[in-house]
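# Residue-level structure breakdown
Residues per chain, in single letters:
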Amino acid sequence: MPRATAAGTRRLKVLLAGADDPQLRQVRDLLRGLGHRLVEVGSGAAARAQFARHRPDLVIFDLALDLAGDASHPAVTALRALDTVRWVPIWCLAREVDDARRSAAILAGADACFNKPVNVQVFKARLVQIAQYVTRQAQLANRQAELQAYFETVEEEVRSARAIMDKLLRMQSDHAGVFESWIAPAVKFSGDVVVAERSPDGSLKILVADGVGHGLSAALNVLPVGRAFKAMAQKGFGLAALVTELNHTIRRDLPSHRFVAATLVNVDAAQGLIEVWNGGNPACVMLDRAGGIVETWASTHLPLGVVDSGELDPEPERRPLRPDGQLVLFTDGAIEAIDDRGLAFGEPALLRVLCGAAPEARLDAVRVAVVEHLAGRPANDDVTLALLDCAAEMHYSATQRPAQAGYMPPTAAAGAWDLSLELASERLKGLDMVPVLQEFLGRIDPLWARSEASFSVLADLYTGALEQGLLQLDARLNEGPDGFNLYAREREARLQDLAAGPVRISIRHRAGEADTRLLINIGAASPGAPAVDGASCGCAADAPAPAPGGMPLML
Amino acid sequence: MNVNVNHINGQARLELRGRFDFTSHRGFKQAYEAAFAASGVSELVVDMGNVEYLDSSALGMLLLLRDKGKALSKPVSLANCAGSVRDVLRVANFDKLFTLQ
């Protein structure tokens with residue numbers, strides 16, 4: 001901190017440039033008398049050298065050193081050019097200062113021009129003014145340094161947060177050739193998230209979610225949603241259970257009204273079925289190979305997190321899967337991308353670009369079109385596009401879907417255990433039991449968890465017991481163009497009215513000398529409905545003996 | 001965004017003008033809180049006729065307003081929703097939450 005002068009003002013460092021004459025000595029004595037510190041030089045070149053070295057608060061320059069003969073003052077101009085960070089006042093001294101001379105000095109870069117000898121009273125007053133100015137400048141510099149330090153800290157935290165978020169949001173497993181997506185954040189963090197995950201039965205579950213707003217707060221909104229979806233999809237929960245749980249997660253974990261627009265899709269190629277639940281996202285579309293829009297799924301629900309789960313209809317819309325289709329999902333970011341004239345890209349333009357490109361080039365075509373539309377401007381909102389190739393998914397299902405005999409376990413004789421469970425009618429409503437059983441069995445018996453067929457076994461047994469046994473649903477309802485929806489609606493209606501029951505689940509684990517068996521029996525016990533399904537799954541290194549009345553599966 | 005408030009026969013009418021986005025939060029909240037607090041106000045109408053743009057943050061603000069109205073038993077409705085504003089409200093299915101005049 002500079003010391004104060006005798007007058008109590010800030011002590012200045014003054015670069016004094018001039019020839020030794022009585023008038024300059026007057027200025028020098030005056031400055032010293034006031035307590036300011038002087039750096040004295042005798043030429044323009046020396047002034048420039050000492051300026052860089054001492055970084056003065058004020059330069060006083062005698063124009064007698066800078067006579068170019070053409071009324072210009074190149075030495076003053078050169079001094080002014082030196083100061084790049086802060087403004088250092090330059091005062092000129094001259095004999096017989098008139099308006100022309102003062103103007104020339106100011107144009108050369110000076111802030112003021114004083115007549116020699118100086119008027120002591122005025123000169124002192126101006127020095128006080130400069131001291132105040134330098135003090136204010138120092139305060140601003142300190143503030144700027146604080147802001148810079150704060151900015152650097154925030155930048156470092158943002159870098160760190162991004163690394164964590166990127167890791168947490170790395171939601172997609174590898175679905176090369178089947179599913180691809182593009183997310184362009186409007187700012188450093190994306191409030192959009194895309195998740196694509198296979199369930200144990202081989203179906204593919206997709207989430208395209210758009211958290212309210214954008215940036216970090218929106219990214220924090222979608223983070224728990226994406227992670228919950230991924231975990232539940234891996235366990236095989238259906239879309240209705242996923243919708244309910246994600247809505248509950250948002251209502252429970254996020255601040256009020258931080259809702260999330262979301263599209264959830266289940267593609268079950270083995271059954272030739274697609275299920276879509278769209279709450280708050282633009283309509284997703286199915287294109288054929290030629291670029292025709294053959295199906296759309298408009299938003300028919302409120303976004304997730306707006307109302308309590310009990311007020312939300314979690315049932316997806318079910319349709320037959322088009323084997324040649326390409327499903328396109330997007331958030332509103334692409335539609336709302338604004339160009340330099342303030343015009344939005346718009347949904348019609350987006351669909352035009354999609355329809356005009358070959359299926360394999362559609363993602364890139366939209367990416368190029370949106371980037372061109374923005375022309376370097378940042379997007380208003382995060383831009384997300386995701387595409388699913390139905391033909392590739394059908395091919396995957398036919399060739400890659402896990403076979404029933406995927407794993408040959410070592411012969412093991414683990415301890416025996418029994419599980420017996422009865423689910424009364426009220427419990428059966430709104431309960432997605434298969435993933436719960438799968439989770440339980442997976443935890444108690446790692447061998448079960450490692451077999452991809454195990455989920456299908458449970459699902460078939462449970463569905464048969466519930467839907468054909470207890471609900472007396474006719475599987476032929478599934479036939480016809482709207483069969484999936486008819487069946488689902490009928491199932492839901494009968495389930496809600498269900499008074500009969502229970503569904504009984506019995507699982508017994510038996511380890512013998514030659515093999516290990518898991519005996520699963522799931523049956524409905526309503527009057528008039530036979531206990532339809534029973535199964536035993538033998539886990540053995542050699543061919544297992546079929547259990548009486550069951551279906552043997554080698555895991 | 002600018003907000004003008006008119007009171008007619010117990011109805012507070014908030015006329016919005018401009019871009020209704022995350023920057024509007026404070027002004028919008030102050031306007032509807034003052035409108036609800038004014039004596040004799042029994043319902044509130046948000047006139048969207050001059051809204052040029054509506055983002056998801058604005059939808060969140062409308063939800064907050066709806067909650068406030070419910071807590072005070074003063075119904076909230078939206079008026080003159082057209083063009084892109086209507087499209088955004090429709091996609092979000094806000095017609096299930098608000099009366100659209």
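Whatever comes next refers back to the structure up there.
Predicted model only: the values in this text are computed from it and were never measured.

Of the consecutive residues K116 of chain A and P117 of chain A, the connecting peptide bond is found in the cis state with omega at -10 degrees. With respect to the helices, strands and loops of the structure, P117 of chain A is situated in the loop between β5 (112–115) and α5 (120–168). The backbone of E96 of chain A shows a phi angle near 45 degrees, a positive value even though the residue is not glycine. Mapped onto the fold, E96 of chain A is located in the loop between β4 (90–94) and α4 (99–108). When its relative accessible area of 69% is taken as the criterion, E96 of chain A is described as exposed. Although it is not a glycine, S73 of chain B sits at a positive phi angle of roughly 55 degrees. With respect to the helices, strands and loops of the structure, S73 of chain B is situated in the loop between α2 (56–72) and β4 (76–79).

So, on to the interface of chain B and chain A. Chain B puts 18 residues into the contact, and the matching count from chain A is 19 residues. Summing both partners gives a buried area of about 1300 Å² for chain B against chain A, and 60% of it is carried by carbon and sulfur. At the boundary of chain B and chain A, one finds 0 salt bridges. At the surface where chain B touches chain A, the tally comes to 5 residue pairs in polar contact (both at pLDDT 80 or more). Listed by contribution, the elements that provide at least two residues to the side of chain B that touches chain A are β3 (43–54), α2 and α3 (83–91) of chain B. The biggest single contributor to the side of chain B that touches chain A is α2 of chain B, with 7 residues. Class assignment for the residues of the side of chain B that touches chain A results in 11 nonpolar, 4 polar and 3 charged.

The next point concerns the sheet that holds strand β14 (residues 326–330) of chain A. Residue and element names in this part refer to chain A. Judged by pairing direction, the sheet is antiparallel, and its 5 strands sit side by side in the order β6-β15-β14-β11-β12 without closing on themselves. The sheet is open, and its two edges are formed by β6 (179–184) and β12 (293–297), each paired on a single side. With strand direction ignored, the average angle separating the axes of adjacent strands in the sheet is 15 degrees. Sheet analysis places β6 next to strand β15 (residues 383–389), joined by 6 bridges and oriented antiparallel. For F179, the partnering residue across the bridge sits in β15 and is L388. In the packing of helix α9 (residues 347–356) onto the sheet, the strands contacted are β11 (284–287), β12 and β14, and the crossing angle to β14 comes to about 150 degrees.

Let's shift gears to the layout of surface pockets. Estimated volume of the largest pocket: approximately 1400 Å³. What lines the largest pocket is a set of 49 residues, among which G238, R318, D432, E467 and R491 of chain A lie closest to the centre. Looking at the lining of the largest pocket, the elements with two or more residues in it are α7 (239–253), β9 (260–268), β10 (273–279), α13 (433–444), α15 (453–470) and α16 (483–497) of chain A. Here the lining of the largest pocket takes 9 residues from α15 of chain A, the largest share from any one element. Considering only residue class, the lining of the largest pocket consists of 23 nonpolar, 13 polar and 13 charged. Those elements that place two or more of their residues in the lining of the second largest pocket are β8 (204–211), α8 (332–335) and α9 of chain A together with β3, α2 and α3 of chain B. Per element, the largest residue contribution to the lining of the second largest pocket is 6 residues, and it comes from α3 of chain B. Within the lining of the second largest pocket, the residues separate by chemical class into 19 nonpolar, 8 polar and 9 charged.

Scoring rules and cut-offs
- Residues numbered from 1 in each chain as written.
- Chains lettered and ligands numbered in written order.
- Predicted model: local features only at pLDDT ≥ 70, side-chain atom pairs only at ≥ 80, totals over all residues.
- Heavy atoms only, no water.
- Helix = DSSP H or I, 4+ residues; strand = E, 2+ residues; numbered from the N terminus.
- Buried < 20%, exposed > 50% of the residue type's maximum accessible area, 1.4 Å probe, protein only.
- Contact = heavy atoms within 4.5 Å.
- Buried area = accessible area lost by both parts, 1.4 Å probe.
- Salt bridge = Lys/Arg side-chain N within 4 Å of Asp/Glu carboxyl O.
- Polar contact = N/O pair within 3.5 Å; in protein donor to acceptor, adjacent residues only side chain to side chain.
- Nonpolar A, V, L, I, M, F, W, Y, C, P; charged D, E, K, R; others polar.
- Pairing = 2+ DSSP bridges.
- Axes fitted to C-alpha atoms, helices over the stretch in contact; angles between N-to-C directions.
- 1 Å grid on protein atoms, 1.4 Å probe; cavity = no way out; pocket = protein on both sides within 12 Å on 5 of 7 lines; lining within 4 Å.
- Points joined across faces, edges and corners; volume = space filled by probe spheres on them.

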